[in-house]
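The residues making up each chain are set out below.
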There are 2 protein chains.
Amino acid sequence: MAERTRGRPRSFDREAALDQATWVFWERGYEATSVAELTRVMGIGAPSLYAAFGDKQTLFEEVVERFGERFGGFIGRALAEEPTAQQVVARVLREAAAEYTAPGRPPGCLIASAALNCPVDQVATGLRARREENVRAFESLIRADIAAGRMPAGTDAAGLARFVGAVLQGMSQQARDGVERAALEAVAEAALRAWPAAP
Amino acid sequence: MAERTRGRPRSFDREAALDQATWVFWERGYEATSVAELTRVMGIGAPSLYAAFGDKQTLFEEVVERFGERFGGFIGRALAEEPTAQQVVARVLREAAAEYTAPGRPPGCLIASAALNCPVDQVATGLRARREENVRAFESLIRADIAAGRMPAGTDAAGLARFVGAVLQGMSQQARDGVERAALEAVAEAALRAWPAAP
DNA sequence: TTCTTTCTGTAGCAGCCACTAGAGAAAGGC
DNA sequence: GCCTTTCTCTAGTGGCTGCTACAGAAAGAA
């Protein structure tokens, strides 16, 4: 990755700076994070930021991508590793309670909360698409379970998937409001009781 | 109310201007709403706004108060009119699906979404307190139902109340993401299936 | 009429916003 | 050594932010 190139070499670690930026955006959200604060936390000058990352919006998009890989991965892992919709959802909700309140990092989920009330349409839309992606993944998983006879034939797959998405968003917001892990776990357990019994 | 006073009379309707301000804050959130936009929509100059409402933050607090009376009232009404916790929660969730997607007004709930990612602590804290108030009302209602033998003795009242709060917040966010009423009603129905059976 | 009180419109405050021009610094290629 | 390339630093840009000083307008009180 570190190809030798001509010209003066970059004096900072691009990956480390990206991590710092992720932290700030996660904590404050897109709009409330100023470029001045980013450069301060990243330890670089504004021209270096613009040379390395484009502009604030492009930097944010890269931050979101990285966040999805590093911290949003628990949803992808559950989707990949658990065999049934119920097991996926149970694991996702329980892990969300832990992830959204993990000590040493900002509460909640960046993808759920960083671009709320954001007047830059493209930014808000990008995050919305990522959330919608998850809901659709849940939905097709539920449909598969219905088809396989693991869930009642009359189950409202879209509604149930949307419910899981809403609970995740609600849990993230509650975490940002300062609610702690045990309380979020109670929310997850309550949500799981809504799951339809196997036929 | 319209007491005669000395001095030049105000040239605009204070209540109407407050309604316009409510609309803008509801649509855009606290931070993303500029005083310039407020004065434009309210049809008054900045000095008139500051004379009549104090400053942006005080105006917002008044807007929140009015919003709670006009649009958040459905929760209070359900709490006052329904006899059991289950009936309160069922009505609140179902009405929320309609309220959060009512045509002709901004989607979602101002109290749930207008101060997310807001760096002005006092504003964010004020809305958080209002949300917390609702959760506590649900909780004491559930406790009363447990004491009256209408719900199982082992019910986690705090957890269930927090769950309802999280679902409401999630529904508001989904509404802001453009999800429509029927889908939110499915979320409400799913959430209601989590309610513990009577003992 | 004149005084006092209150509101309104113009015009502008300092401070922050995202962003960048231009000069110098630090590397490889020759 | 010297050229090219790329990055960094200083010092700003215009534009927006919330907010206000000031002068004039419009009412009641005398």
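Remember, predicted model here, so these are calculated numbers, not experimental data.

**Concerning the relation of the copies chain A and chain B**
In screw terms, the move from chain A to chain B is a rotation of 180° and a rise of 0.0 Å along the axis, fitting with an RMSD of 0.1 Å. The relationship between the two copies is best expressed as a two-fold rotation axis. Residue by residue, 100% of the interface of chain A is reproduced at the interface of chain B, so both copies engage with the same surface.

**Considering the nonpolar core**
If you look at the biggest cluster of nonpolar residues, it comprises 132 residues, and the most contacted ones within it are Phe163 of chain A together with Phe163 of chain B. Dropping the residues within four chain positions of it, Phe163 of chain B is found in contact with Phe163, Val167, Val187, Ala190 and Ala191 of chain A together with Ala191 and Ala194 of chain B.

**Comments concerning the environment of Arg77 of chain B**
Residue and element names in this part refer to chain B. Residue position: Arg77 is located in helix α5 (residues 73-81). Relative accessible area serves as the criterion here: at 38%, Arg77 is assigned to the partly exposed category. Sequence separation of Arg77 and Gly165 is 88 residues, and the distance between their C-alpha atoms is 16 Å. Apart from the residues lying within four places of it in its own chain, the contact partners of Arg77 are Glu82 and Arg91.

**Details of the protein's contact with DNA strand C**
Taken together, 22 residues form the shell around DNA strand C, and within it Val35 and Tyr50 of chain A together with Gly7, Ser11 and Ser48 of chain B come nearest. Near-protein atoms of DNA strand C (within 4 Å) split between backbone and bases, with sugar and phosphate holding 71%. One of the side-chain nitrogen or oxygen atoms of Lys56 of chain A is found 3.0 Å away from a phosphate oxygen of DNA strand C. Arg6 of chain B places a polar side-chain atom, nitrogen or oxygen, 3.4 Å from a base oxygen of DNA strand C. No other element matches helix α3 (residues 46-53) of chain A, which puts three residues into the surface near DNA strand C.

**Focus: the packing of aromatic side chains**
Taken as a whole and assessed by the stated rule, the structure comprises 17 aromatic pairs over all chains. Geometrically, the ring pair formed by Tyr30 of chain A and Phe60 of chain A is edge-to-face, given 5.0 Å between the ring centres and 65° between the ring planes. Here Phe60 of chain A lies in helix α4 (residues 56-70) and Tyr30 of chain A lies in the loop between α1 (14-28) and α2 (35-42), a separation of 30 residues in the sequence. Among the residues examined, Tyr30 of chain A registers a relative accessible area of 5% and is labelled buried. With relative accessibility at 1%, the residue Phe60 of chain A sits in the buried group. Their ring planes at 55° and their centres at 4.8 Å tell us that Trp26 of chain B and Phe71 of chain B sit as a pair that is tilted. With Trp26 of chain B in helix α1 (residues 14-28) and Phe71 of chain B in the loop between α4 (56-70) and α5, the pair connects residues that are 45 residues apart, well separated along the chain. Accessibility expressed as a relative area gives 1% for Trp26 of chain B, which makes it buried. One aromatic cluster is present, built from ring pairs that chain together Trp23, Trp26, Phe67 and Phe71 of chain A. The ring of Tyr30 of chain A is capped by Lys56 of chain A, whose NZ or CZ atom sits 4.5 Å from the centre of that ring.

**Here's the deal with empty space enclosed by the protein**
The final tally for this structure, using the stated rule, is three cavities of 30 Å³ or more. Size it by volume and the largest cavity reaches roughly 120 Å³. Forming the walls of the largest cavity are 17 residues, and the residues nearest its centre are Glu31 and Asn117 of chain A together with Glu31, Leu116 and Asn117 of chain B. Among the residues forming the lining of the largest cavity, the class breakdown is eleven nonpolar, three polar and three charged. The space that makes up the second largest cavity amounts to roughly 40 Å³. Here the residues of the lining of the second largest cavity sort into five nonpolar, one polar and two charged.

**As for the state of the cysteines**
Evaluation of the coordinates by the stated rule reveals zero disulfides over all chains. The thiol of Cys109 of chain A is unpaired, and the distance to the nearest cysteine sulfur, on Cys118 of chain A, comes to 16 Å.

Rules used throughout
- Residues numbered from 1 in each chain as written.
- Chains lettered and ligands numbered in written order.
- Predicted model: local features only at pLDDT ≥ 70, side-chain atom pairs only at ≥ 80, totals over all residues.
- Heavy atoms only, no water.
- Least-squares fit on C-alpha atoms with pLDDT ≥ 70 in both.
- Contact = heavy atoms within 4.5 Å.
- Core = buried A, V, L, I, M, F, W, Y, C linked by side-chain atoms within 4.5 Å.
- Buried < 20%, exposed > 50% of the residue type's maximum accessible area, 1.4 Å probe, protein only.
- Helix = DSSP H or I, 4+ residues; strand = E, 2+ residues; numbered from the N terminus.
- Near = heavy atom within 4 Å.
- Polar contact = N/O pair within 3.5 Å; in protein donor to acceptor, adjacent residues only side chain to side chain.
- Phe/Tyr/Trp six-rings, centres within 6.5 Å; stacked < 30°, edge-to-face > 60°.
- Lys NZ or Arg CZ within 6 Å of the ring centre and 35° of its normal.
- 1 Å grid on protein atoms, 1.4 Å probe; cavity = no way out; pocket = protein on both sides within 12 Å on 5 of 7 lines; lining within 4 Å.
- Points joined across faces, edges and corners; volume = space filled by probe spheres on them.
- Nonpolar A, V, L, I, M, F, W, Y, C, P; charged D, E, K, R; others polar.
- Disulfide = S-S within 2.5 Å.

Fair warning: the whole summary comes from geometry, so function is off the table for now.
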